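A closer look at the structure
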Amino acid sequence: MKRSKETNHHHKFVTYANGPSLEEINNSVSIPDSDDFWKNLIAFSGPGALVAVGYMDPGNWVTSIGGGAKYGYLLMSVILLSSLIAMLLQYMAAKLGIVTHMDLAQATRAHTGKKLGIVLWIVTELAIMATDIAEVIGGAIALQLLFGFPLIVGVTLTIFDVLLLLVLMKLGFRKIEAIVVTLITVIMLVFIYEVVLARPDVPAMLKGLVPHRDILKHGQLTMALGIVGATVMPHNLYLHSSISQTRQYDRQDDDHLAKAVRFATWDSNIQLSAAFLVNCLLLIIGSALFFGHSDQLGTFRSLYNALGDSSIAGAVASPVLSVLFAVALLASGQNSTITGTLTGQVVMEGFIKMHIPTWARRVVTRLISVIPVLIVTIYYGGNEIALDNLLVGSQVFLSIALPISMVPLVYYTSSEKIMGPRFKNKFWVASLGWICTVLLTMLNFQLIIETVSNWF
């Protein structure tokens, strides 16, 4: 009766959501009835790509390139550590969704209550909007660099991203995954090409993957905090716990659940390895082309100009490199738009059990994100440095929201009562999870203190 009642009221603008996570795509992608590893890997591949987008969004770019320009290859090990932590957390998120049939927002609401659920929803929504601000700024600047649009026009045009997502949702989730993978491939190829031309110092690059005590010096540590803070995103944990349920495995069979967890982990780790590579490429570009010029690389435009300036980037500098950089920036912004909208739906339905149409969800979120960007753009007369300061400030919300998502994730996946004896985290996995949670929470609060002190 409950299901039919909800269906009857589906014409309403706001409906009650108490069904499966992202119900329109949940259990929608078929998988082969086969033990063939490669067939299963292909069938389960996709959700990891949407998650990986958050680990290579525009918010990471200036940090990674700036880290390379200032400290050479020293911080490569920080990117490696961030990626390993991401793999652990995303494995837990996917497992939670597959085993409990709930996303992280639904699980948190189920084990807390309505009032706390509303508070957590507001904080998580602010984090998603903070991520959206980075996408708006990155997209607007890319449009200006490629087509010469004034920043205010570029910011306004990003509102129409909603139309892109509505078209994609009509094509089916598998098509969305394919488009995201294509955009990631474009970003990766652009940076591989630029790194090959830059001819980096390979031995120094490999040496940088081993942690060095110099990272603990004040300047290096601040940059490392920025890299970690920009890499591990809270919204990805909610998203992955939802979209890991899109495959058509038997929800009641433990062997089928184990298979789904196994291949979801393979998918996630492969795609996060691609994100690790992109972030390494960004740092390598900073080190190989711009070492010693970090004071000239504070904005996306300065990076764009530097790639075409032989006095900074050396003999490989060319307008082609600059254009490719802007194309990759635009692709990154579009990718993040897709994942941000899906995550917004997950947290709204999970925390407050409210469903609104996708177009309305996208318009409201994007308008709220665009307003502060428009205000800053108009007030500072299109000054890109002011926009970059807004982007840095928006990361504070992400820092606050991360512990709120990590603590319940590690707790739920370590609980035998919630996960069952077969799927609860092993002792060493749970221990690593809590160590990462404490470490990242401390680092994020340090990042907040650094950011706020810089404002004053």
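My aim in this report is to walk through the structure given alongside it, one point at a time. What you are looking at is a predicted structure, and each value in this text was computed from that prediction instead of being measured.

With respect to the nonpolar core
Taken as a class, soluble globular proteins show a tendency for nonpolar side chains to be buried jointly. Trp 61, Leu 75, Phe 191, Phe 290 and Phe 325 are the most contacted members of the largest nonpolar core, which totals 129 residues. The element contributing the most residues to this core is helix H14 (residues 254-290), with 18 residues. Not counting the four nearest positions on each side in its chain, Trp 61 is found in contact with Met 56, Ile 187, Phe 191, Leu 282, Phe 300, Phe 325, Ala 328, Leu 329 and Ser 332. Counting five residues, the second largest nonpolar core, distinct from the first, contains Ala 127, Ala 130, Met 233 and Ala 401.

Remarks on the packing of aromatic side chains
For the coordinates displayed, the defined rule picks out seven aromatic pairs. A ring pair is formed by Tyr 238 and Phe 351, whose centres lie 5.8 Å apart and whose planes are at 65°; its orientation type is edge-to-face. Of this pair, Tyr 238 sits in helix H13 (residues 234-243) while Phe 351 sits in helix H17 (residues 319-352); the two residues are 113 residues apart in sequence, bridging distant segments of the chain. When sorted by exposure, Tyr 238 lands in the same class as Phe 351, which is buried. A connected cluster of aromatic rings, assembled from ring pairs, spans Phe 37, Trp 38, Phe 44, Phe 263 and Trp 266. Directly above the ring of Tyr 249 sits Arg 251, whose terminal nitrogen or CZ lies 3.9 Å from the centroid.

Let's talk about the environment of Ile 152
Among the structural elements, Ile 152 can be located in helix H8 (residues 151-157). Along the chain, Ile 152 and Ile 141 lie eleven residues apart, while their C-alpha atoms are 9.7 Å from each other. In this view, Ile 152 contacts Leu 374, Thr 377 and Ile 378; residues no more than four positions away in its chain are not counted.

Observations regarding a nonpolar patch on the surface
Together, Ile 118, Ile 122, Leu 126, Phe 397 and Ile 400 line one region of the surface with nonpolar side chains, adding up to about 380 Å² of accessible area. Where the nonpolar patch is concerned, the elements lending two or more residues are helix H7 (114-147) and helix H19 (384-413). The dominant element in the nonpolar patch, judged by the number of residues it contributes, is H7, at three residues. Tracing the chain through its elements places Ile 122 in helix H7. Residue classification places Ile 122 among the partly exposed residues on the basis of a relative accessible area of 42%.

Focus: H17
In this model, H17 (34 residues) spans 49 Å end to end at C-alpha, consistent with the 50 Å of a helix rising 1.5 Å per residue. The buried count for H17 comes to 27 of 34 residues, which makes it a mostly enclosed element. Looking one or two places after H17, you find Lys 353, whose phi comes out positive at around 55°.

Some words on the packing of H13 against H17
At a minimum axis separation of 9 Å, H13 and H17 run at an interaxial angle of 80°. The pairing of H13 with H17 is recorded here as roughly perpendicular in orientation. Contact residues: H13 offers His 235, Tyr 238, Leu 239 and Ser 242, while H17 offers Thr 339, Leu 342, Thr 343, Val 346, Val 347 and Phe 351. Counted by class, the contact of H13 with H17 contains six nonpolar, four polar and no charged residues.

Observations regarding the pattern of salt bridges
Scanning the entire structure with this criterion turns up four salt bridges. A salt bridge links Arg 422 to Asp 255; the shortest N-O distance between them is 3.0 Å. Of this pair, Arg 422 sits in the loop between helix H20 (416-419) and helix H21 (427-455) while Asp 255 is found in helix H14, placing the two residues 167 residues apart along the sequence. Using a relative accessible area of 46% as the deciding quantity, one classes Arg 422 as partly exposed. Taking relative accessible area as the criterion, Asp 255 reaches 52% and is therefore assigned exposed. Where Lys 424 meets Glu 416, a salt bridge forms, and the shortest distance between an N and an O atom there is 3.5 Å. Of the residues examined, Glu 416 reaches a relative accessible area of 43% and is grouped as partly exposed. A cluster of three or more residues bridged by salt bridges with shared partners is formed by Arg 174, Glu 177 and Arg 247.

Considering unusual backbone geometry
You will see that Asn 27, though not glycine, has its phi angle at about 60°, which is positive. Checked against the element boundaries, Asn 27 lands in the loop between strand S1 (15-16) and helix H2 (37-44).

Thoughts on the packing of helix H5 (residues 76-100) against H14
Their axes nearest at 9 Å, the elements H5 and H14 cross at an angle of 155°. Judged by the inter-axis angle, H5 sits roughly antiparallel to H14. In this structure, the crossing between H5 and H14 has a hand that is right-handed. Residues of the contact of H5 with H14, tallied by class, amount to 18 nonpolar, seven polar and one charged.

Brief notes about the side chain of Ser 415
Relative to the helices and strands, Ser 415 is located in the loop between H19 and H20. You can call Ser 415 buried: its relative accessible area is 14%. Reaching out from Ser 415, the side chain makes a polar contact with the backbone nitrogen of Ile 418 at a distance of 3.3 Å. Each residue touching Ser 415, except ones within four places of it in the same chain, is listed here: Gly 420 and Lys 424.

So, the side chain of Thr 108
Inspection of the secondary structure puts Thr 108 in helix H6 (residues 104-111). Among residues more than four places away in sequence, those in contact with Thr 108 are Leu 120, Phe 351, Pro 408 and Tyr 412.

Thoughts on the environment of Leu 387
Structurally, the position occupied by Leu 387 is in helix H19. Look at Leu 387 and you get buried, because its relative accessible area is 0%. Between the C-alpha atom of Leu 387 and that of Val 180, which follows or precedes it by 207 residues, the distance is 26 Å.

Thoughts on the environment of Tyr 71
Secondary-structure assignment places Tyr 71 in helix H4 (residues 58-71). Owing to a relative accessible area of 18%, Tyr 71 belongs among the buried residues under this scheme. Put simply, Tyr 71 and Leu 283 are 212 residues apart on the chain and 9.6 Å apart in space, counted from C-alpha to C-alpha. When neighbours within four sequence positions are excluded, Tyr 71 is seen to be in contact with Gly 219, Gln 220, Met 223 and Phe 291.

Cut-off values and rules
- Residues numbered from 1 in each chain as written.
- Predicted model: local features only at pLDDT ≥ 70, side-chain atom pairs only at ≥ 80, totals over all residues.
- Heavy atoms only, no water.
- Core = buried A, V, L, I, M, F, W, Y, C linked by side-chain atoms within 4.5 Å.
- Buried < 20%, exposed > 50% of the residue type's maximum accessible area, 1.4 Å probe, protein only.
- Helix = DSSP H or I, 4+ residues; strand = E, 2+ residues; numbered from the N terminus.
- Contact = heavy atoms within 4.5 Å.
- Phe/Tyr/Trp six-rings, centres within 6.5 Å; stacked < 30°, edge-to-face > 60°.
- Lys NZ or Arg CZ within 6 Å of the ring centre and 35° of its normal.
- Patch = residues over 30% accessible without salt bridge, like charges linked within 9 Å, V, L, I, M, F, W, Y side chains within 5 Å.
- Areas by Shrake-Rupley, 256 points an atom, 1.4 Å probe, with all protein chains shown as cover.
- Salt bridge = Lys/Arg side-chain N within 4 Å of Asp/Glu carboxyl O.
- Expected span 1.5 Å × (residues − 1).
- Axes fitted to C-alpha atoms, helices over the stretch in contact; angles between N-to-C directions.
- Parallel < 35°, antiparallel > 145°, perpendicular 65-115°, else oblique.
- Nonpolar A, V, L, I, M, F, W, Y, C, P; charged D, E, K, R; others polar.
- Left-handed = near helix turned anticlockwise from the far one by under 90°.
- Polar contact = N/O pair within 3.5 Å; in protein donor to acceptor, adjacent residues only side chain to side chain.

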